[in-house]
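Remarks on the overall topology
Spelled out, the chains give:
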Amino acid sequence: MDDILSDLNPEQQKAVKIRKGPILILAGAGSGKTKVITYRIAYLIHKGYAKPQDILAITFTNKAADEMRTRIFKLMDNSQSMWVRTFHSTCAKILRDTLFHRKHLQEIIGVTGNFTIYDEYDQTSLIKECLDDLKIDSKNFSPSFVCSCVSRIKQDLQTTDTIDNDLICSIYKYYNKKLKEYNAVDFGDLIMKVVEIFEKDKETLEYYQERFKYLMVDEYQDTNRAQYVLTKLLAEKYRNLCVVGDDDQSIYSWRGAEIRNILDFEIDFPDAVVIKLEQNYRSTKTILKAASAVVKNNAHRKSKVLWCDNEDGEKVEFCAAEDVHTEAAYVARKVVELNLQGVDLSKVAIFYRVNYQSRVFEECFVRFRIPYEVVGSLKFYERSEIKNVLAYLKVINNTRDSVSLKRIINIPSRKIGYVTIEKVSAYSKENMISLYEALLRIDDVKNIDKNTKNRIKHFIQMLKEFTVLRDRLNLYNFALQVIEDSGYLASLGQDKTEKDYFRRKNVEELLISIRDYTTQHPEATIQDYLADVSLRSEIDEWDGSTQRVSLMTLHNAKGLEFDTVFITGLENGLIPHRKSQEDEQQYEEERRLLYVGITRARKKLFITYAKQRDMLRGGFIYTTISPFFREIPYELFATTV
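Summary of the structure given here. All of these numbers come straight from a predicted model, not from anything done at the bench.

About the thresholds
- Residues numbered from 1 in each chain as written.
- Predicted model: local features only at pLDDT ≥ 70, side-chain atom pairs only at ≥ 80, totals over all residues.
- Heavy atoms only, no water.
- Helix = DSSP H or I, 4+ residues; strand = E, 2+ residues; numbered from the N terminus.
- Rg over C-alpha atoms; globule rule 2.2 N^0.38 Å.
- Buried < 20%, exposed > 50% of the residue type's maximum accessible area, 1.4 Å probe, protein only.
- Contact = heavy atoms within 4.5 Å.
- Pairing = 2+ DSSP bridges.
- Axes fitted to C-alpha atoms, helices over the stretch in contact; angles between N-to-C directions.
- Core = buried A, V, L, I, M, F, W, Y, C linked by side-chain atoms within 4.5 Å.
- 1 Å grid on protein atoms, 1.4 Å probe; cavity = no way out; pocket = protein on both sides within 12 Å on 5 of 7 lines; lining within 4 Å.
- Points joined across faces, edges and corners; volume = space filled by probe spheres on them.
- Nonpolar A, V, L, I, M, F, W, Y, C, P; charged D, E, K, R; others polar.
- Domains from an automatic or database assignment.
- Parallel < 35°, antiparallel > 145°, perpendicular 65-115°, else oblique.
- Right-handed = clockwise from strand over helix to strand, strands pointing away.
- Expected span 1.5 Å × (residues − 1).
- Arc of directions from axis to C-beta.
- Salt bridge = Lys/Arg side-chain N within 4 Å of Asp/Glu carboxyl O.

A word on the overall build of the protein chain
Each helix and strand counted, the protein chain has 28 helices and 16 strands in total. Computed over its C-alpha atoms, the radius of gyration of the protein chain comes to 26 Å, within 12% of the 26 Å expected for a compact globule of 641 residues. Evaluated residue by residue, the protein chain yields a buried proportion of 56% over its 641 residues. Long-range contacts, defined here as pairs at least 24 residues apart, represent 76% of the contacts in the protein chain between residues at least 6 apart.

Have a look at this one:
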C-alpha cells in the first residue's frame, strides 16, 4: 500500500493517512480529489482501521459514484459491502430498509417500504392535481413554481408553521397528504424523512451510526440544509467525517446548496484537520492563471492558490462578435479547424449561461455539419414512451401510485376515457380509498356503461396477473412480459411514421438497459430498478465518448473536463446574470460559475461575446462585456483585448 501512496503528492498523502477525527479537504479544481478519497478508503481498510462495511462514501451523481466504486475496486477486491452512493440513493435505501424492518415507523413517516419515488415529472403532475382539487388556477400559479417552493421547503427542513406564504403552505400540506395517499415520496422526502426517522427513533440512528464509522462526503460545498443535518447526525458518534470540496466551485445556491456548510466546517468541528490540495493536474498554466485571476476577487472564500507543473500552453483566444449569429459562426469555424487538425470532437465543449443560448449554436452546427449533443436536453428517461413503461412497473410495485395508474389506464388505448377516469377518481375521494381500490369496485361506480366497466375489469385483471409474474420472473423477463402482454409494444409498431419507429426503438433500448441492469444485479427487484432510474441525473446519461461536440450550460459542466472549451456569451447580464447584480452573494456565485467554466479546460480556452442580441418583439439590444472579463490579465490572451 505504501508503494501505491507514492503516486500521491505530500498533501494528498497527508489526507489519506489521517486515521480519525473530522477532516476538511479543500480540493481545488483538477487537484485529484477523487483519487484522494479512493486511496483514503483503501488505506483505512488496508491498515485494519476500518472494514469495508464501516465506510459510507457519498457523492452527488451516480456517474461520480460509479467512477469512485470502479477506482476502489481496482485498489482492492473486497469492497462489495461498502456503500458508495449519492445522498438520495443512500437515503432511499435507508428509508426502505428501515420501513421494512421497523414497521411501526410506517405510520409516523407516512409511507410503507414499497413506496414509489416521484421524479420531477411525477411531482409536477401531482402538483397540477392538487391545484385542481384546491380550485387554484394553474395559469396564475404555475405548477413549476409550486414545485420549486415545495422542494426548497424540504431541502431547508422547514415545518409548516415556518412557511410565510399561506397559499403555499396550504398547497404544501395537501400535496404531502396526496403523497401519503399514493404511498409515494419525492426527492426532498428521501432525505427529510430519513432525518425525521433519525431524530424520532434513537435505535435506528444508533444502528446507522454504528454501521458507518467512517463517512466521506464529496462536493461538500454543494450540500443543502437537509444533507448537512443528515451528515452531522450520522457522524455524531465516531466523528470520523471527511468532507471534500471547493468553496470556489459552489454554484448551486438556486437549488438549496449552502456555501456556509463548507466555510463554517471548522466552527462545527473545531478540532478538524484542514488540508489544501492546490496542485492542479488538469489545465495548462495559462488556463490556471486566468481562472485564479477571476476567483481571487471574491471576498467570501477560503484562501488557496492553485499551481501546476504542466506547460504554459496556448494563450486564451477571444472574439467580440457583432451579433449572436456571428458568434456562433466563429465558434463553428474554430471547431472545424480543430477537427481538421486532428482534435477529437468529443473533447470539445461549448458552454453558455442559459439554455436558450444553445439554439443559435445548434442551427449553425447543422449548417456546418458538425455533430453535436445538447447535454441536459430531454433525457432518455423523460421521453413519453419510456415514462409509460416505467409507469406500468411503478403501479405493479405500488398500486396506490395513482399518478402512474392514471397514466397507463388507457395506454395503449382501451377506450377508457378522461370522463370515466374522473368519475372513478371522484368515487375514490368520496370513499377515501385509492384509485386502484375504486377500480376494484367499478360495479359500484355510477354513470359508467357496462362495456367500459368490463374493459376496466380486464385492465385490473391484467395488473393482478403481472403482480403474480413479478415474483416468478427475473427483472428483465418480467419487464419484457409486461411490455408485450399489456399490448404497449405492439401499439408502437402499428403506425409506420418515423416518430413511431423511434419510439419503439427507445422502448427496445430501455429493455436492453433493463437486461444489462439484471446482469449486473441478478437479485434486483422492481423497487431497486425503479429507485435507480428515478435518481439518475442529466450528467449520469451523458456519454462523453461519442464523436460529437458537447453543448451545455455552465452549471451542467461542473465535474467534467475537455481539451478545448468555448465560454460564450460573456456579457454583463448573462455572466454575471442580471438577477445577481444587486446581491453580493449571488454576484460572487456568478464569478465562481465562470471559474468553474474556465477550469474545465485542459489545453485550449476560447472566450466569446456578442455585441448585440435579438429582442423578442424585433430589433436588438446592445450588450457590454462582462466585468469578470477585465479581471483576466491581458497578457494571457492571444489577441488584443
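Concerning the sheet that holds strand E10 (residues 348-352)
Taken in spatial order, the six strands of this open sheet run E9-E14-E13-E10-E12-E11, and their pairing is parallel. Every other strand in the sheet has two partners, leaving strand E9 (317-321) and strand E11 (372-374) as the edge strands with one partner each. In this sheet, neighbouring strand axes are inclined to one another by 20° on average, regardless of whether the strands run parallel or antiparallel. Of the pairings in the sheet, the one linking E9 to strand E14 (residues 601-610) comprises five bridges and is parallel in character.

Things to note about the nonpolar core
Grouped together as the largest cluster of nonpolar side chains are 49 residues, with contacts concentrated most on Tyr 381, Leu 390, Leu 405, Phe 459, Leu 463, Leu 510 and Tyr 529. The element best represented in this core is helix H18 (residues 384-397), accounting for eight residues. Discounting chain neighbours no more than four positions away, the residues touching Tyr 529 are Tyr 381, Leu 390, Leu 393, Leu 475, Leu 510, Ser 513, Ile 514 and Tyr 517. Judged by nonpolar contacts, the second largest core, of 46 residues, contains Ile 94, Leu 105, Val 194 and Ile 259.

Concerning unusual backbone geometry
That bond from Ile 411 to Pro 412 is cis: its omega, -5°, falls within 30 degrees of zero. With respect to the helices, strands and loops of the structure, Pro 412 is situated in the loop between helix H19 (402-408) and helix H20 (418-430). Between Ile 575 and the following residue, Pro 576, the backbone shows a cis peptide bond with an omega angle of 5°. Turning to its location among the elements, Pro 576 is positioned in the loop between strand E13 (562-567) and helix H28 (584-598).

What to know about the layout of surface pockets
Estimates place the volume of the second largest pocket at around 1,700 Å³. In terms of lining, the second largest pocket is formed by 45 residues, of which the most central are Asp 66, Tyr 517, Gln 520, His 521 and Asp 532. Elements that contribute at least two residues to the lining of the second largest pocket include exactly helix H4 (62-75), strand E3 (83-86), helix H5 (87-101), helix H25 (498-520) and helix H26 (526-534). Of all the elements, H4 adds the most residues to the lining of the second largest pocket, at eight residues. Classifying every residue of the lining of the second largest pocket gives 17 nonpolar, twelve polar and 16 charged. Each of two domains, domain 1 (10-91 + 196-277) and domain 4 (381-532), supplies a minimum of three residues to the lining of the second largest pocket.

Thoughts on the side chain of Gln 123
Mapping Gln 123 onto the fold places it in helix H7 (residues 120-133). The buried category is assigned to Gln 123, whose relative accessible area is 7%. Setting aside residues no more than four positions away along its own chain, Gln 123 makes contact with Tyr 118, Cys 147, Val 150, Ser 151, Tyr 175 and Asp 186.

Quick notes on the sheet that holds strand E8 (residues 273-277)
Here we have six strands laid out as an open sheet, ordered E3-E2-E6-E7-E1-E8, and parallel in their pairing. Looking at strand neighbours, the two that pair on one side only are E3 and E8, the edges of this open sheet. For this sheet, the mean angle separating the axes of adjacent strands, direction not counted, is 15°. Where H5 meets the sheet, it contacts strand E2 (55-59), E3 and strand E6 (214-217), and its direction lies at approximately 115° from that of E3.

Observations concerning the packing of helix H10 (residues 187-200) against helix H11 (residues 202-211)
Put simply, H10 and H11 touch, their axes get as near as 5 Å, and they point 110° apart. As summarised for this structure, H10 and H11 are arranged roughly perpendicular, according to the angle between their axes. Mapping the contact onto sequence places Ile 197, Phe 198 and Lys 200 in H10 and Lys 202, Thr 204, Leu 205 and Tyr 208 in H11. Looking at the contact of H10 with H11 residue by residue, the class counts come to four nonpolar, one polar and two charged.

Remarks on the pairing of E6
Side chains Tyr 214 and Met 216 project from E6 onto one buried face, and the interleaved Leu 215 and Val 217 project onto a second face that is buried too. Two strands pair when backbone bridges link them, and E2 and E6 are joined in this way by four bridges, in the parallel orientation. Its bridge partner lying in E6, Leu 56 is registered against Leu 215. Bridge count between E6 and strand E7 (residues 241-245): three bridges; the pairing is parallel. Note that in E7 the partner of Leu 215 across the bridge is Leu 241. Handedness of the crossover joining E6 and E7 through helix H12 (residues 225-235): right-handed.

Remarks on H20
Across its 13 residues, H20 extends 18 Å between first and last C-alpha, which sits within 8% of the 18 Å expected from 1.5 Å per residue. Taken residue by residue, H20 has Thr 420, Ile 421, Val 424, Ser 425, Tyr 427 and Ser 428 as its buried positions. Projected onto a plane normal to the axis of H20, the buried residues spread over an arc of 160° and lie on a single side. Projecting away from the buried face of H20 at angles above 90 degrees are the exposed residues Tyr 418, Val 419 and Glu 430. At the C-terminal side of H20, Met 432 shows a positive phi close to 50°.

With respect to the pattern of salt bridges
Under the counting rule described, the total for this entry stands at 54 salt bridges. Of the charged contacts in the structure, one is a salt bridge between Glu 317 and Lys 334, with a shortest N-O distance of 3.4 Å. Separated by 17 residues along the polypeptide, Glu 317 in strand E9 and Lys 334 in helix H16 (residues 324-340) bring together distant segments of the chain. A single burial state applies to Glu 317 and to Lys 334, both of which are buried. Across the pair Asp 516 and Arg 515 runs a salt bridge, and its minimum N-O distance is 3.9 Å.

A look at empty space enclosed by the protein
Empty space among the atoms can be located by rolling a probe the size of a water molecule over them. Scanning the model with the defined rule gives one cavity of 30 Å³ or more in all. By volume, the largest cavity is sized at about 60 Å³. If you go around the largest cavity, the residues you meet are Arg 96, Phe 115, Thr 116, Ile 117, Lys 394, Asn 397, Leu 530, Ala 531 and Ser 534. Sorting the residues of the lining of the largest cavity by element identifies strand E4 (116-118), H18 and H26 as the ones contributing at least two each. Classifying every residue of the lining of the largest cavity by side-chain character gives four nonpolar, three polar and two charged.

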